[in-house]
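A closer look at the structure
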Amino acid sequence: SRLVFLKVVSVVRRMGGVSGRAVLAAGGHVVRRLAAELCGQSVWGALPCGPSRPSCSSTARPTAVRADAPPIAPPPQRPSRRRPSVASRRLWTLLACVASTVRASAAGASCRITDWEKCPMTSMGVGEPTLVYPGGLTRCLFSDDVDYAFQVFRGDTDKLLVFFQEGGMCWDQFSTTTRTACRASIDDRPSGGILDRTQESNPYRAFTIVHILSCSGDLHIGDVKRWYTDPRGVLVEQRGYRNARAALDWAAANLDSPLEELVVAGCSSGAVGAQLWAAE
């Protein structure tokens with residue numbers, strides 16, 4: 001696992017989007033998920049304290065109180081809700097990975113962000129997928145299909161699921177142009193598992209979903225222009241960092257702050273991206 005992790009640090013440094021120190025901070029989770037080569041997930045923020053979160057403590061730290069201090073009113077009681085189990089959450093994430101292997105286009109609306117059009121979530125249909133093209137410096141890997149978009153499923157404004165799509169990885173000239181090892185254009189595949197809004201047993205069916213699509217081959221964190229060219233003779237650019245940043249900035253502008261619930265997850269190479277972006 002140490003060799004795998006050192007390779008990840010080397011690759012991410014060359015991507016230019018995240019420093020080696022930032023990768024080291026995410027170290028343990030990255031090594032375990034990448035070495036397993038399974039559909040991973042990063043939902044630590046939604047999991048209870050326990051063996052899966054060794055750095056989490058479920059014991060509250062005692063607070064000193066003066067003897068003459070007035071009594072503290074108890075917090076308002078919220079209606080109790082049955083929270084899905086850890087196993088249930090992981091199962092739904094795995095199903096999303098399985099569903100994403102079926103290549104097909106998902107029907108839905110689209111919107112392009114411009115100086116006068118901000119693509120507000122209020123203009124989107126509830127539960128229906130909408131492709132949002134943020135423009136600016138966002139882009140896909142090759143110049144023949146450069147437009148980038150992220151996918152939004154409108155739901156509750158106080159519950160957000162950020163899901164990083166899988167898409168392989170291209171880290172040098174051979175893996176990019178000779179034998180392309182990553183997706184080079186957006187693919188809004190049909191939703192399944194954790195993204196399936198039609199299943200009543202899905203614990204995230206009421207969440208607003210920001211599906212960060214992958215088309216840059218850089219684990220969603222690259223920000224670099226390469227020295228080698230794509231099939232059209234144009235220099236290759238990997239801008240996964242700018243793509244993900246545009247999606248997260250849109251979410252921050254359109255959802256409640258603070259959120260009631262936030263889940264960050266991903267599939268395959270997107271699971272690594274989810275862990276590297278989790279602190280954001």
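Anything mentioned here points back to the structure above.
We now turn to the structure provided with this report. (Residues numbered from 1 in each chain as written. Predicted model: local features only at pLDDT ≥ 70, side-chain atom pairs only at ≥ 80, totals over all residues. Heavy atoms only, no water.)

Focus: the state of the cysteines
- Here the structure, examined in full by the defined rule, presents three disulfides.
- One disulfide in the model links C140 with C215; its S-S distance is 2.1 Å. Residues C140 and C215 are joined through a disulfide that is left-handed, its torsion about the S-S bond being -85°. Here C215 lies in the loop between β5 (207-212) and β6 (224-229) and C140 lies in the loop between β2 (129-133) and β3 (150-153), a separation of 75 residues in the sequence. Take C140 and C215: they sit in the same class, and that class is buried.
- Across a sulfur-sulfur distance of 2.1 Å, C170 and C182 are joined as a disulfide pair. Taking the sign of the S-S torsion, about -105° here, the bridge from C170 to C182 comes out left-handed. Residue C170 is found in the loop between β4 (156-164) and α5 (173-178), and its partner C182 is found in the loop between α5 and β5; the two are separated by twelve residues along the sequence.
- Taking the relative accessible area as the measure of exposure, C182 reaches 10% and is therefore buried. (Disulfide = S-S within 2.5 Å. Helix = DSSP H or I, 4+ residues; strand = E, 2+ residues; numbered from the N terminus. Buried < 20%, exposed > 50% of the residue type's maximum accessible area, 1.4 Å probe, protein only.)

What to know about the packing of aromatic side chains
- Overall, the coordinates contain four aromatic pairs when judged by the stated rule.
- The side chain of R112 reaches across the aromatic face of Y133, ending 4.2 Å from its centre. (Phe/Tyr/Trp six-rings, centres within 6.5 Å; stacked < 30°, edge-to-face > 60°. Lys NZ or Arg CZ within 6 Å of the ring centre and 35° of its normal.)

A look at helix α6 (residues 240-254)
- With 15 residues, α6 extends 21 Å between its outermost C-alpha atoms, agreeing within 8% with the 21 Å of an ideal straight helix rising 1.5 Å per residue.
- Listed in full, the buried residues belonging to α6 are G240, N243, A244, A246, A247, L248, W250, A251 and N254.
- As for α6, its buried residues are in contact with β3, β4, β5, β7 (235-238) and α7 (269-277). (Expected span 1.5 Å × (residues − 1). Contact = heavy atoms within 4.5 Å.)

A closer look at unusual backbone geometry
- Cis rather than trans, the peptide bond between S257 and P258 has omega equal to 5°.
- Note on placement: P258 falls in the loop between α6 and β8 (261-266).
- Positioned with a positive phi, H220 is a non-glycine residue whose angle comes to about 70°.
- Mapped onto the elements of the fold, H220 is located in the loop between β5 and β6.
- When its relative accessible area of 4% is taken as the criterion, H220 is described as buried.
- Backbone geometry places S268, a non-glycine residue, at a positive phi of 55°.
- Position of S268 among the secondary structure elements: in the loop between β8 and α7.

Topic: the sheet that holds strand β1 (residues 109-112)
- In spatial order, the strands read β1-β2-β3-β5-β4-β8; together these six strands make up an open sheet with mixed pairing. Edge strands, defined here as strands with exactly one partner in the open sheet, are β1 and β8. Each adjacent strand pair in this sheet contributes to an overall mean axis angle of 20°, direction not counted.
- In this structure, β2 lies alongside β3, joined through four bridges in antiparallel fashion. What sits directly across from V132, in β3, is F150.
- Docked against the sheet, α6 engages β3, β4 and β5, running at close to 160° with respect to β5. (Pairing = 2+ DSSP bridges. Axes fitted to C-alpha atoms, helices over the stretch in contact; angles between N-to-C directions.)

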